[in-house]
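Single-letter residue listing:
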Amino acid sequence: MRAIFRSYDQLTKLVGGRIFESAVLLLVRVSLSGIFWRSARTKVEEGSWLTISDTTYFLFAEEYSGVPLPTELAAQLATVSEHVFPILLVLGLLTRLSAFALLAMTMVIQIFVYPEAWWSVHALWSSLALVLIVRGAGALSVDALLLKVRTK
């Protein structure tokens, strides 16, 4: 029985270490980023970076009309946010702020657009964002490099 506990302790020490944690946090950052980045790319004209499509404005006027912002502003904020915050997350720059912004977007979508999607989608997105808000970006990030520079 002691051998089992010893093996378990060794395993938990390994997965609880800085290297493994940083790799997992990188995976969480990339996963959450991918969700919003793919959504962002559907909102713009093909071949452009930030030219918002007519379809996007239509969706915000019709399907997403419950969002308590003017249609045009909501479409622009969502499109820019879904481009900027995922890039920052992948870099691990302003990670907690970026994760909080994507959590806020998730809550707006949950409350005003797709309230039935909590268990199927939004709980997962929220969990990923909350992990990053609580733990930060980890050692494999620009945040970690900036912290080293600031503390010297």
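**Remarks on the nonpolar core**
Then step 1. The biggest cluster of nonpolar side chains holds 25 residues, and the ones touching the most others in it are Leu32, Phe36, Phe60, Leu89, Leu102 and Leu132.
Then step 2. At the level of elements, helix H2 (18-42), helix H4 (71-91), helix H5 (95-113) and helix H6 (118-135) are the ones that each hand at least two residues to this core.
Then step 3. Of all the elements, H5 adds the most residues to this core, at seven residues.
Then step 4. Dropping the residues within four chain positions of it, leucine 132 is found in contact with Leu25, Val28, Arg29, Leu32, Leu89, Thr95, Arg96 and Ala99.

**Some remarks on the environment of alanine 23**
Then step 1. Among the secondary structure elements, alanine 23 is positioned in helix H2.
Then step 2. Take alanine 23: its relative accessible area is 39%, and that puts it in the partly exposed class.
Then step 3. Remark: the alpha-carbon pair of alanine 23 and leucine 140, spanning 117 residues in sequence, is separated by 7.3 Å.

**Overview of the packing of aromatic side chains**
Then step 1. Inspection of every chain in the model, using the stated rule, returns five aromatic pairs.
Then step 2. With centroids separated by 4.9 Å and ring planes inclined at 85°, the aromatic side chains of phenylalanine 60 and tyrosine 64 adopt a geometry described as edge-to-face.
Then step 3. Residue tyrosine 64 is classed as buried on the basis of its relative accessible area of 18%.
Then step 4. With centroids separated by 6.2 Å and ring planes inclined at 85°, the aromatic side chains of tyrosine 64 and tyrosine 114 adopt a geometry described as edge-to-face.

**Digging into the pattern of salt bridges**
Then step 1. In the structure shown here, the tally under the stated rule is two salt bridges.
Then step 2. Among the ionic pairs, arginine 135 bridges to glutamate 21, the shortest N-O distance being 2.2 Å. Taken together, the residues arginine 135 in helix H6 and glutamate 21 in helix H2 connect sequence positions 114 residues apart.
Then step 3. Residue class for glutamate 21 comes out partly exposed when judged on its relative accessible area of 25%.
Then step 4. When the shortest N-O distance is used, the salt bridge between lysine 43 and glutamate 82 registers 2.9 Å. Taken as a pair, lysine 43 in the loop between H2 and helix H3 (54-61) and glutamate 82 in helix H4 lie far apart in primary sequence, 39 residues in all.
Then step 5. Glutamate 82 gets classed as buried once you look at its relative accessible area, which sits at 3%.

**Here's the deal with the side chain of serine 48**
Then step 1. Inspection of the secondary structure puts serine 48 in the loop between H2 and H3.
Then step 2. Given the relative accessible area of 14%, serine 48 is considered buried.

**A few points about unusual backbone geometry**
Then step 1. Although it is not a glycine, leucine 94 adopts a positive phi angle of roughly 55°.
Then step 2. Looking at the element boundaries, leucine 94 is found in the loop between H4 and H5.

**Considerations on the environment of alanine 78**
Then step 1. The residue alanine 78 is located in helix H4 in this model.
Then step 2. With relative accessibility at 11%, the residue alanine 78 sits in the buried group.
Then step 3. Placed 39 residues apart in sequence, alanine 78 and serine 39 show a C-alpha to C-alpha distance of 9.5 Å.

**Regarding the packing of H3 against H4**
Then step 1. At their nearest, the axes of H3 and H4 sit 9 Å apart, and the two run at 120° to each other. Comparing the axis directions of H3 and H4 gives the class oblique. Pair H3 / H4 crosses with right-handed handedness. Residues Thr56, Tyr57, Phe60 and Ala61 of H3 pack against Thr71, Glu72, Ala74, Ala75, Gln76, Ala78 and Thr79 of H4.

Each value, and the rule that gives it
- Residues numbered from 1 in each chain as written.
- Predicted model: local features only at pLDDT ≥ 70, side-chain atom pairs only at ≥ 80, totals over all residues.
- Heavy atoms only, no water.
- Core = buried A, V, L, I, M, F, W, Y, C linked by side-chain atoms within 4.5 Å.
- Buried < 20%, exposed > 50% of the residue type's maximum accessible area, 1.4 Å probe, protein only.
- Helix = DSSP H or I, 4+ residues; strand = E, 2+ residues; numbered from the N terminus.
- Contact = heavy atoms within 4.5 Å.
- Phe/Tyr/Trp six-rings, centres within 6.5 Å; stacked < 30°, edge-to-face > 60°.
- Salt bridge = Lys/Arg side-chain N within 4 Å of Asp/Glu carboxyl O.
- Axes fitted to C-alpha atoms, helices over the stretch in contact; angles between N-to-C directions.
- Parallel < 35°, antiparallel > 145°, perpendicular 65-115°, else oblique.
- Left-handed = near helix turned anticlockwise from the far one by under 90°.

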